[in-house]
Amino acid sequence: SAIRKLRASFISTVAQCVVELAQNSLDALATNIEIHVDMMKFFIQIIDNGTGITPDDMEKIGQRYATSKCHTLEDLAHVTTYGFRGEALATLAEISTLEIISKHPNCYDTYCTILKGGKRLQCGPTRSSKRKKPGTIIIIRDLFYTYPVRRKYISENAFTNELENVKKSIESLALVHPQVTFTLVDASNDIKIVTTRRTATSISTFRQLFGSSLAQNLESVYAEEDNIKFEGFFSLRGFHTRQHQYFYVNKLLISCNKIYKLIDEIFNQSSFGKKNYEGLPLESRSEYLKYKKSFMTRYPEKYPIFFIHLTCPATIYDKC
Ligand code: ADP
Ligand code: MG
């Protein structure tokens, strides 16, 4: 039961669960990822057009350390996928009812397996017409059913927060994967809350997500040195909230506050930060004047929008 607790804390929110599933779809090279979340029912469904799962792997999936991404120590050094430990589905198999339906291109049949409470209830070819083209559907029912207190907390207090967190995490994945079409649907009312169409650059995904008024006045940056690639964009003005700041290493969003503060500082010392709101369109200037008194005294700093993506060899940093 100690192990159980430890593992449940690895996925302790709906957002973490959705991220793990979406990362698996990305690892499977999906270009179309559709996610349905019904927060009240603790239900998640994700549909992708990735490489699918072989029938052999289907039998092992959901077991602890069952991964197709990393087999030796040597592999670990070169892993370029999000996953490499085989923990997420094993954890989900214990804390929910987990159904996996997958069609592998080398295999005529579509396979299905269902796990609950860490036990496999079913595995084999399926007549279900749900999946004919290669790809995978994963359905989570009754997430956290073994944790009634957590469920009660989420449904009573954190419901809107949690959906917002799911939205934010899909947005941040979509930004760093512009070539993937993402759809996030609130399954309780069938409303799409995130949609991106596959495109060439992160800046156009940013425009799709947050609108062209925020996306104007964004400056692209690019640099490359010693195997490290630095690319992205930042705003030429500061905002009074920290929304829309994204820093990634090898497509993984980094949540270390120190880095974000440092970038804010550099921005505020740069000519862009110092220049303040000079030369802005009138409407932004009046917005600035309006907020100046209240915000500038309380929050003298301004926060730029930025999207920074460092790409470097997996060997020069610690993935955990
Ligand atoms: P990891 O990602 O660390 O390998 P997971 O528990 O997240 O571990 O997934 C276990 C295995 O299940 C993966 O290694 C992969 O082989 C398979 N898998 C999971 N989701 C998908 C998917 N959407 N498409 C193809 N294979 C998948
Ligand atoms: Mg994974």
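Residues numbered from 1 in each chain as written. Chains lettered and ligands numbered in written order. Predicted model: local features only at pLDDT ≥ 70, side-chain atom pairs only at ≥ 80, totals over all residues.

### Regarding the overall build of the protein
Across its full length, the protein carries 12 helices and 13 strands. Looking at the 320 residues of the protein, the share that counts as buried comes to 28%. At a minimum sequence separation of 6, the contacts of the protein that also span at least 24 residues come to 63%. (Helix = DSSP H or I, 4+ residues; strand = E, 2+ residues; numbered from the N terminus. Buried ≥ 20, exposed ≤ 12 C-beta atoms within 10 Å, placed from the backbone. Contact = placed C-beta atoms within 7 Å.)

### As for the sheet that holds strand E4 (residues 110-116)
What the 8 strands build is an open sheet, ordered E5-E4-E3-E6-E2-E1-E7-E8; its pairing is mixed. Taken across any chain shown, the strands that pair with only one partner, and hence form the sheet edges, are strand E5 (119-126) and strand E8 (191-196). Between one strand axis and the next, the sheet turns through 10° on average, direction left out of account. The pairing of strand E1 (residues 32-38) with strand E2 (residues 43-48) spans 6 bridges and is classified as antiparallel. Within E2, the residue paired with Ile 33 across the bridge is Asp 48. (Pairing = 2+ DSSP bridges. Axes fitted to C-alpha atoms, helices over the stretch in contact; angles between N-to-C directions.)

### Focus: the domain arrangement of the protein
For the protein, the assigned domains read domain 1 (2-196) and domain 2 (217-316). Domain 1 puts 8 residues into the contact, and the matching count from domain 2 is 9 residues. Of all the secondary structure elements, the ones that give two or more residues to the side of domain 1 that touches domain 2 are helix H4 (73-78) and helix H7 (159-176). Ranked by the residues each element gives to the side of domain 1 that touches domain 2, the list is headed by H7, at 3 residues. Of the residues that constitute the side of domain 1 that touches domain 2, the class distribution is 5 nonpolar, 3 polar and no charged. (Domains from an automatic or database assignment. Nonpolar A, V, L, I, M, F, W, Y, C, P; charged D, E, K, R; others polar.)

### Thoughts on unusual backbone geometry
In this structure, Asp 226 is a non-glycine residue whose phi angle is positive, near 40°. With respect to the helices and strands, the residue Asp 226 is situated in the loop between strand E9 (218-225) and strand E10 (228-239). A positive phi angle, close to 65°, is found at His 244, a residue other than glycine.

### Remarks on the pairing of E4
Summarising burial for E4: 5 of the 7 residues are buried, a large majority. Bridge analysis of strand E3 (residues 97-103) against E4 gives 7 bridges, and the strand direction is antiparallel. The residue bridging Ile 100 from the neighbouring strand is Thr 113, located in E4. Hairpin connection, E3 to E4: the antiparallel pair is bridged by 6 residues. Taken together, E4 and the strand that follows it, E5, pair antiparallel across an intervening segment of 2 residues, in which Gly 117 is found at a positive phi of about 55°.

### Some details on the packing of H7 against helix H8 (residues 202-210)
It is the contact of H7 with H8, at a shortest axis distance of 8 Å, that shows an interaxial angle of 145°. Contact residues: H7 offers Glu 171, Ala 174, Leu 175 and Val 176, while H8 offers Ser 202, Thr 205, Phe 206 and Leu 209. A breakdown of the residues in the contact of H7 with H8 according to their chemical character gives 5 nonpolar, 2 polar and 1 charged.

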